[in-house]
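Listed below, chain by chain, are the residues.
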Amino acid sequence: MPRTKANSISLIDTFAEFKETKNIDRTTLISVLEESFRSVIAKHYGSDENFDIIVNPDKGDCEIYRNREVVEDGAVEDPNKQIALSEARQIEEDYEVGEEVSEPIEFMKFGRRAILTLRQTLASKILELEHDALYNKYKDLEGEIIVADVYQTWKSETLLLDDEGNELLLPKNQQIPRDFFHKGDSVRAIVDRVDNQNGNPKIFLSRTSPMFLQKLLEAEIPEIADGLISIRRIARIPGERAKVAVESYDERIDPVGACVGVRGSRIHGIVRELHNENIDVINFTSNISLFIQRALSPAHINSIQLNEEEQKAEVYMRPEEVSLAIGKSGMNIKLACQLTGYTIDVFREVDNVDQEDIYLDEFTDEIEPWIIEAIKNLGFETAKDVLRAPREMLIEKADLEEETVDYVLSVLRSEFEDDSQWAEAKDTAEATANDED
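(A) Examining the overall build of the protein more closely. Counting its secondary structure elements, the protein contains 16 helices and 15 strands. Taken over 437 residues, the protein has a buried fraction of 44%. The contacts of the protein with a sequence gap of at least 6 include a subset with a gap of at least 24, amounting to 58%. Only carbon and sulfur atoms are counted for the fraction: they give 44% of the accessible area of the protein, which is about 24,400 Å².

See the structure below:
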């Protein structure tokens, strides 16, 4: 059977080449080619309803057939859909009235204008397909990390190319302050958003998004990837400092220890990727008072007053702890506010602590830090606070062994020369215990 001529074939070759580079599936390829040919045929004949188009993209060719009904000579009303009997018998001698004639059409006979129209239609469809494929691909990748190569850097943004040569934009305000790129550098970033204005998709990346840090943690820490540890909240000042609140669904797993690794081995790679961004990992808790205390680490607080309706917290601490709570350039308290969702005001507390008292943190040489932390979680910050508390309460609520509690009390008492002052404290504690009974 006759096939379309050279110009038509070259069009299909062009489209086939596009298919190889843009990964257009075969079904879509055939559909676009057929639609393009039908568009030209409809303009030339007024209708494409009675045409069969067979596209073979693998061979790079196309066959076009026009189907017409045989009618008596002189009875042709629509020459596109009908053919006179005498004309039909010139094709085959045995045609009769009422039968259908299918004849091949050589696209070259349509003329140069039709061929040009077909080329333009194909180019338009190709561009539309390319844009749709690009948009759909990266829309599905929003929130995921990709790797791309730097192509060019401008003042306001950096242009990167993916493996297929697609253009990606990394705006300056989405770059870490110490980011400095050379052409050809491989860059990791997260797909922040995909715009599709006027059918022209633009892909924007980010390295400052909290989601970028989250995805880096998921990639480096198996327990997070496996769902054993959940990242509950993240607050970042890109390139400077970040706080991450994590929670474990397995009581045997220490979420903070698992994220940090031995001597920080698991977190080091992420820190390097973020240009030495200091990452604090803390345990998440629904107890907002305790969560705020942890978020303000390494500062230690004495007391806290919450206004849950306005999401405000007033935190009181020793004067020497205030600078730790605020941090360099106010970063620590800013991140704590972002992490907890509360506005935190810090106040110096000078007069409410006995000048002869001793903070529990001073006893870390004699008492294990985890024991001190367990007691502090009860709201006790000083030695006298603990010594005034009922022994049974320390055992029960701090979940400590009796021997451990007795050892702690012994260590704390030994710090005070005048043991007689604890007689009153002991009587008070016993009276409190009796009242509770």
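That covers the picture; the talk isn't over yet.
(B) The arrangement of the pairing of strand β7 (residues 167-171) in detail. Within β7, four of the five residues are buried, which leaves it mostly tucked inside the rest of the structure. Bridge count between strand β6 (residues 157-161) and β7: five bridges; the pairing is antiparallel. Bridge assignment links Leu160 to a residue of β7, and that residue is Leu168. Connecting β6 to the antiparallel partner β7 that follows it, the hairpin turn spans five residues, and Gly165 within it adopts a positive phi of roughly 85°.

(C) Structural context of the sheet that holds strand β13 (residues 303-307). The strand order across the open sheet built from three strands is β13-β14-β15, with neighbouring strands paired in mixed fashion. Two strands bound the open sheet, and with one partner strand each, they are β13 and β15 (343-348). Looking at each pair of strands side by side, their axes are set apart by 15° on average, direction ignored. When strand β14 (residues 312-317) meets β15, the two strands line up parallel, connected through six bridges. Along β15, the bridge assignment pairs Tyr316 with Phe347. The strands touched by helix α9 (residues 288-295) are β13, β14 and β15; relative to β13, the strand with the most contacts, the crossing angle is about 120°.

(D) Structural view of the sheet that holds strand β11 (residues 241-248). Ordered by their spatial adjacency, three strands build an open sheet running β10-β11-β12, and the pairing between neighbours is mixed. Two strands close off the open sheet at either side, each with one partner strand: β10 (229-237) and β12 (278-283). Taking the axes of each pair of neighbouring strands and ignoring which way they run, one obtains an average angle of 20° across the sheet. Summarising the sheet, β11 and β12 pair through six bridges and their orientation is parallel. Looking at β12, one finds that Lys243 is bridged to Asp280. Docked against the sheet, helix α5 (residues 210-220) engages β10, β11 and β12, running at close to 140° with respect to β10. Of the strands in this sheet, β10, β11 and β12 are in contact with helix α11 (residues 331-340), which crosses β10 at around 135°.

The rules behind the values
Residues numbered from 1 in each chain as written. Predicted model: local features only at pLDDT ≥ 70, side-chain atom pairs only at ≥ 80, totals over all residues. Heavy atoms only, no water. Helix = DSSP H or I, 4+ residues; strand = E, 2+ residues; numbered from the N terminus. Buried < 20%, exposed > 50% of the residue type's maximum accessible area, 1.4 Å probe, protein only. Contact = heavy atoms within 4.5 Å. Areas by Shrake-Rupley, 256 points an atom, 1.4 Å probe, with all protein chains shown as cover. Pairing = 2+ DSSP bridges. Axes fitted to C-alpha atoms, helices over the stretch in contact; angles between N-to-C directions.

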